[in-house]
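Notes for the structure review
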Amino acid sequence: MTQTTGAAGDPPYLRIVAAIRRRIADGELAPGDRVPSTRQIAAQWGVALATATKALTTLRLEGLVEARPRIGTVVAGSTPAAAPARKRPSPAPDTEPELTLDRIVRAAVEIADAEGLAALSMRGVAARLGVAAMSTYRYVPSKEDLVLLMADAAFGEARPADAHGDADVPEGWRTRIEVGARTLWGLYRKHPWLARISPLTRPLLLPNLLVHGEWMLSALDGHGLAPTTLFDIHVLLYSHVQGLAVHLELEADAEAATGQSEDQWMDSRAPVLQELVDSGRFPTFAKVVGSFEDGYDLRLDALFDLGLGALLDGLAPVIEG
């Protein structure tokens, strides 16, 4: 693709803005079409991720593009007439927009929701907020610390008690476990990057995550379980939620890398699948796959429900026995 650039003296991000703006004005990118992601821009134009983020932020402020969670940045529904790029002078230190830790965390969550955790950087957050690149470090010492703050904020967006109200806690261990697991699943659905922050063997010691843990442990407490057994069950239930949720972000990454949706990717592998079925080496697999009338639809929500029900059925004799 031939890139349309701005004036030679423009900073790199403005030249990127001019190129994408021209593609939108020419109709090459229509409303709803995905524009290049920060990583694609960085690779295509040979710039840093922070520069790519600044370019997308400028386009967003102009109303040309909008961020959609788990889809990425797309051309806005109605695009204003193209205008020449305007240089915005860097704000003086005493006029820099007010910066708070809450604004930094919220901006970082928005980036991770829209483009995945891999697209997150301290410079990118600063660019999104329109502040100097090093400003965020006055509030958060590193990206790793920022991710923990993001996770704590995300886990705090919903509590199991919210489903019934603090004064109306459901009775019965099974009902309480179901409420707690579904609350966590909803948060992972909203913020897919959450599931990939830390492995199960290195638990996140975050106050808002422990709110969920306290709910699950209190549901299991009082049934005569040994402390180790009680905690093992708690970890097993959490691993079911997190283990499935990991695939939300993995699928989003795969779609961004290949440009194919899950269905498109499977369609492209149809010849390979047919070859395996016809080989005769896997008769049960061939029988099951051949019995699908309209193919198999991998539904993570349905798998979550099926797995949770099976786990609780199997655990019932242990908890109640």
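Structure: see above.
Let me begin by describing the structure that accompanies this report. (Residues numbered from 1 in each chain as written. Predicted model: local features only at pLDDT ≥ 70, side-chain atom pairs only at ≥ 80, totals over all residues. Heavy atoms only, no water.)

Right, let's talk about a negative patch on the surface for a bit. A contiguous patch of negative charge on the surface is contributed by Glu262, Asp263, Asp267 and Asp297. Among the secondary structure elements, Asp263 is positioned in helix α10 (residues 262-268). (Patch = residues over 30% accessible without salt bridge, like charges linked within 9 Å, V, L, I, M, F, W, Y side chains within 5 Å. Areas by Shrake-Rupley, 256 points an atom, 1.4 Å probe, with all protein chains shown as cover. Salt bridge = Lys/Arg side-chain N within 4 Å of Asp/Glu carboxyl O. Lys, Arg positive; Asp, Glu negative; His and termini not counted. Charge placed at Lys NZ, Arg CZ, Asp CG, Glu CD. Helix = DSSP H or I, 4+ residues; strand = E, 2+ residues; numbered from the N terminus.)

Turning next to the layout of surface pockets. Volume-wise, the largest pocket comes out at about 1,300 Å³. Contributing to the lining of the largest pocket are 45 residues, with Glu251, Ala252, Glu255, Ser261 and Glu262 lying nearest its centre. Secondary-structure elements contributing two or more residues to the lining of the largest pocket are α2 (38-45), β2 (72-75), α4 (101-115), α9 (227-258), α10 and α11 (270-278). With 10 residues, α9 is the single largest residue contributor to the lining of the largest pocket. Here the residues of the lining of the largest pocket sort into 21 nonpolar, 11 polar and 13 charged. (1 Å grid on protein atoms, 1.4 Å probe; cavity = no way out; pocket = protein on both sides within 12 Å on 5 of 7 lines; lining within 4 Å. Points joined across faces, edges and corners; volume = space filled by probe spheres on them. Nonpolar A, V, L, I, M, F, W, Y, C, P; charged D, E, K, R; others polar.)

What follows deals with the pattern of salt bridges. Where charged atoms from two side chains of opposite charge approach closely, those side chains can pair. According to the stated counting rule, one finds 11 salt bridges in the structure shown. For Arg21, the salt bridge goes to Glu62, with nearest N and O atoms at 3.0 Å. Taken together, the positions of Arg21 in helix α1 (residues 12-25) and Glu62 in the loop between α3 (49-61) and β1 (65-68) put the pair 41 residues apart, joining distant regions of the chain. We note a salt bridge from Asp26 to Arg22, for which the minimum N-O separation is 3.9 Å. We classify Arg22 as partly exposed; its relative accessible area is 41%. (Buried < 20%, exposed > 50% of the residue type's maximum accessible area, 1.4 Å probe, protein only.)

Moving on, we get to the packing of helix α6 (residues 143-155) against helix α8 (residues 207-220). Running from N to C, α6 and α8 point in directions that differ by 40 degrees, and their axes come no closer than 7 Å. Relative to α8, the element α6 is oriented oblique. Facing Asp152, Ala153 and Phe155 of α6, the residues of α8 in contact are Pro207, Asn208, Leu209 and His212. The residue makeup of the contact of α6 with α8, split by class, is 4 nonpolar, 2 polar and 1 charged. (Axes fitted to C-alpha atoms, helices over the stretch in contact; angles between N-to-C directions. Parallel < 35°, antiparallel > 145°, perpendicular 65-115°, else oblique. Contact = heavy atoms within 4.5 Å.)

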